[in-house]
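# Analysis of the macromolecular model
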Amino acid sequence: SKYARLQTKKYTNTRISIIPNPLRKDLINSKIKNKEINKKMKIVMINNGFDRRKNLKTALKAFKEFNKNFPYSTLCLFGNAMEQEGPCYKWAKKNNLDNNVYFYGLVYQTDLMKVLHKYDILLHAALEETFGNIFLEAMIKGVPIIAGRLGAAPEIIKNNGLLVDITNIEQIINGLKKYSQNPILWKKIRKNSHIHAKLKYNYKTIAKKYLYLYKKTLYN
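Residues numbered from 1 in each chain as written. Predicted model: local features only at pLDDT ≥ 70, side-chain atom pairs only at ≥ 80, totals over all residues. Heavy atoms only, no water.

## Quick notes on unusual backbone geometry
The condition that has to hold: By the criteria applied, helices consist of DSSP H or I runs no shorter than four residues and strands consist of E runs no shorter than two, each listed in order from the N terminus. For the exposure calls, accessible area comes from a 1.4 Å probe over protein chains only, and a residue counts as buried if that area is under 20% of its type's maximum, exposed if over 50%, partly exposed in between.
A positive phi is found at Ala-81, a non-glycine position, where the angle reads about 80 degrees. Within the secondary structure, Ala-81 sits in the loop between β2 (74-78) and α4 (87-94). On the accessibility criterion, Ala-81 (8% relative accessible area) is buried.

## Description of the layout of surface pockets
The cut-off we apply is this: As defined here, a cavity is a set of points on a 1 Å grid over the protein atoms alone where a 1.4 Å probe fits but cannot get out. A pocket is an open set with protein on both sides within 12 Å along at least five of seven lines, and residues line them when an atom is within 4 Å of a point. Grid points are joined across faces, edges and corners, and a volume is the space filled by probe spheres set on the points. Polar here means any residue outside two lists: the nonpolar Ala, Val, Leu, Ile, Met, Phe, Trp, Tyr, Cys and Pro, and the charged Asp, Glu, Lys and Arg; Gly therefore counts as polar.
The volume enclosed by the largest pocket comes to roughly 340 Å³. As for the largest pocket, its lining consists of 18 residues, of which Ile-46, Asn-47, Asn-48, Leu-112 and Ile-134 are closest to the centre. Among the elements of the structure, α5 (109-115) and α6 (133-140) are those that each provide at least two residues to the lining of the largest pocket. The leading source of residues in the lining of the largest pocket is α6, at 3 residues. In terms of residue class, the lining of the largest pocket is built from 8 nonpolar, 7 polar and 3 charged.

## Side note on helix α8 (residues 169-181)
Note the cut-off: Each helix should span, by expectation, one fewer than its residue count multiplied by 1.5 Å. Note that the arc is computed from the directions linking the helix axis to the C-beta atoms. Contact definition: two residues touch when any of their heavy atoms are within 4.5 Å. Side-chain atoms alone can form a polar contact between residues adjacent in sequence; in general such a contact is a pair of N or O atoms within 3.5 Å, and within protein one must be able to donate a hydrogen while the other accepts it.
Spanning 13 residues, α8 covers 18 Å between terminal C-alpha atoms, matching the ideal 18 Å at 1.5 Å per step. Every buried residue of α8 is listed here: Ile-172, Ile-173, Gly-175, Leu-176, Tyr-179 and Ser-180. In a view along the axis of α8, the buried residues occupy a sector of 155 degrees, so they form one face of it. Here the buried face of α8 lies against β1 (42-46), α3 (56-69), β4 (121-123), β5 (145-148), β6 (162-164) and α9 (183-200). A distance of 2.9 Å separates the backbone nitrogen of Glu-170 from a side-chain oxygen at the start of α8, and that oxygen is part of Asn-168.

## So, the pairing of β2
Short version of the rule: If DSSP finds at least two bridges between two strands, the strands pair.
Counting buried residues in β2 gives 5 out of 5 residues, a clear majority hidden from the surface. Side chains of β2 alternate between two faces, with Thr-74, Cys-76 and Phe-78 and Leu-75 and Leu-77 buried alike. Bridging between β1 and β2 involves 5 bridges; their strand directions are parallel. From the neighbouring strand, Lys-42 faces β2, where its bridge partner is Thr-74. Across 4 bridges, β2 lies against strand β3 (residues 101-105) in parallel orientation.

## Looking at a nonpolar patch on the surface
Test applied: Residues forming no salt bridge and having over 30% relative accessible area are the ones grouped into patches, like charges within 9 Å of each other and nonpolar side chains (Val, Leu, Ile, Met, Phe, Trp, Tyr) within 5 Å. Using the Shrake-Rupley algorithm and a 1.4 Å probe, accessible areas are obtained, with residue cover drawn only from the displayed protein chains. Counted as salt bridges are all cases of a side-chain nitrogen of Lys or Arg within 4 Å of a carboxyl oxygen of Asp or Glu.
On the surface, a cluster of nonpolar side chains totalling about 630 Å² of accessible area is made up of Tyr-210, Leu-211, Tyr-214, Leu-218 and Tyr-219. On the secondary structure map, Leu-211 appears in helix α10 (residues 203-219).

Below, the structure written as structure tokens:
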């Protein structure tokens with residue numbers, strides 16, 4: 001990402017080329033099915049680790065407030081430290097933030113891709129992201145995103161999702177409400193993000209970028 005290049009430039013004067021991560025063939029070929037967003041909103045978060053950078057505490061607090069007005073909504077957590085009796089679960093339980101929250105823990109990426117399309121919104125609360133493969137995976141699966149304005153999220157997602165101040169509970173809540181109260185916007189982002197990911201992050205397109213860079217490096 002441009003963001004990763006910017007951070008790396010602090011340590012070198014070498015020219016840095018940017019080639020994004022690709023979506024593999026089976027994901028590129030996946031299709032999104034027609035669906036509606038309703039009061040039983042299924043929100044998903046995918047993180048590895050329960051440290052400050054993941055910002056999960058803020059996200060859980062925001063979901064609790066959102067859940068008061070949308071009591072049928074659920075939040076499902078995947079990733080390392082997200083398992084039952086894990087650190088995130090214990091903290092949420094201790095702080096009374098576990099209502100309608102489900103802790104699935106670490107799962108194989110291939111298994112996660114089999115169920116990701118079932119969710120209505122991906123909430124990505126990390127404070128910093130140098131790329132974020134989960135953005136591509138959510139877009140190709142037709143899952144609208146809420147993410148932060150810092151890091152690589154803005155350049156990866158572009159207009160195909162909602163960018164908020166992820167440290168602000170009220171802004172996260174407003175993002176969730178915007179999707180839930182505007183099904184036309186939700187559908188539009190769902191469709192456009194799928195097309196965007198399919199065109200820009202196709203494994204064939206990325207392979208050509210690598211080949212071009214190799215040839216340029218070898219023969220110049």
